[in-house]
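Results of the structural survey
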Amino acid sequence: MKRILTIQDISCFGKCSLTVALPILSAMGIETVILPTAVLSTHTLFKNFTCKDLSDQLTPITNHWKQEGITFDAIYTGYLGTEEEIDTVIRIIEAFRNENTLVIVDPAMGDNGRLYAAFDEHYAKQNAKLCAVADIADPNITEAAFLTGLPYRETYSEEYIRELLLALAEIGTQTPVLTGVSLSEGKTGAMGYDAEKKEFFHYQNDRVPAAYHGTGDIFSSVLAGAFVLGLSREAALKIAADYTAMTIAETLKNPGNPWYGVDFEKTIPELVKLVENAEALS
């Protein structure tokens, strides 16, 4: 069984970060080890949430793992709250990485042309250093623009997406993947670039007319799991995009329509089937 370490915060209520990554990666048949960077009472769209920073625990925990001889087939990072955390995570990657360790980075820091309120352009530059050590990084278009210094465009062509991907590869990412990419009307998905083979690849499915918190974490977790399982880059994009769309569509059926996250729990059996079918074809 493959083993992955995922490093990100955990919200006790709300469907995002580790509360998404742990069940999804486990359902995909991957032993999932967590390293929480902070514990929040809820995710940050709730008012008056509490937050306990755990930055000072990251090094002691990973030092203990080293003493125990624990190793990982992959390391997957999500939201990191400070520049200091980014530096610590880079050191953790360096400590546990070997020639077979896959490093996947979700540089979560912004959307819709803006950085999250807690971040500035200096933070973005630090996040670019993390992407530089990644085999796979999957920013959205906003994040890619801040990582590379290229202008953000709300309306764009495929040529612009290719330009962003090439710039991410220049930073050092072996396989950058841009999420939330629409290459035609009514479609959405992702586009990536294999820097070694110098090949672009993409997948598009029908856009579901709704938006929910945490769907980026779902996409990133499934994408990470698919790559860890050794699926092709095309299969990884397809499974991640289709499963994310499936969970949004399922949530729309819910009379309560929870604004704080999607009903991914109901669709996990379908995720298992998607993975099994992809493995059978590989």
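About the thresholds
- Residues numbered from 1 in each chain as written.
- Predicted model: local features only at pLDDT ≥ 70, side-chain atom pairs only at ≥ 80, totals over all residues.
- Heavy atoms only, no water.
- Helix = DSSP H or I, 4+ residues; strand = E, 2+ residues; numbered from the N terminus.
- Rg over C-alpha atoms; globule rule 2.2 N^0.38 Å.
- Buried < 20%, exposed > 50% of the residue type's maximum accessible area, 1.4 Å probe, protein only.
- Contact = heavy atoms within 4.5 Å.
- Areas by Shrake-Rupley, 256 points an atom, 1.4 Å probe, with all protein chains shown as cover.
- Expected span 1.5 Å × (residues − 1).
- Salt bridge = Lys/Arg side-chain N within 4 Å of Asp/Glu carboxyl O.

Our focus in this paragraph is the overall build of the protein. Secondary structure summary: the protein contains 9 helices and 11 strands in total. By the compact-globule yardstick of 19 Å for 282 residues, the protein fits well, its C-alpha radius of gyration being 18 Å. Overall, the protein is about 50 × 45 × 45 Å in size when its C-alpha atoms are taken along their principal axes. Expressed as a percentage of the 282 residues in the protein, the buried residues total 50%. Of the contacts made within the protein by residues no fewer than 6 positions apart, 66% connect residues no fewer than 24 positions apart. For the protein, the accessible area works out to roughly 13,100 Å², and carbon and sulfur atoms hold 51% of it.

Think of an α-helix as 3.6 residues a turn; residues three or four steps apart then line up on the same face. In a regular helix each residue adds 1.5 Å, so 14 residues correspond to 20 Å; helix H7 (residues 215–228) covers 20 Å between its end C-alpha atoms and thus fits that length. Buried residues dominate H7, accounting for 13 of its 14 residues. Two residues or fewer past H7, Gly230 is found with a positive phi of approximately 85°.

Turning our eyes to something else, we now look at the pattern of salt bridges. Opposite charge on two side chains lets them pair, provided their charged atoms get close. As enumerated under the stated definition, the model contains 12 salt bridges in all. A salt bridge links Arg233 to Glu234, with the nearest nitrogen and oxygen atoms 3.0 Å apart. With relative accessibility at 16%, the residue Arg233 sits in the buried group. Residue class for Glu234 comes out partly exposed when judged on its relative accessible area of 39%. Ionic pairing is found between Lys238 and Asp242, a salt bridge with its closest N-O pair at 2.8 Å. Of the two residues, Lys238 and Asp242 both sit in helix H8 (residues 233–252), 4 residues apart, roughly one turn of that helix. By sharing partners, the salt bridges in this structure join Asp194, Glu199, Arg233 and Glu234 into a single network.

Everything listed is a geometric property; what it means functionally is a separate question.
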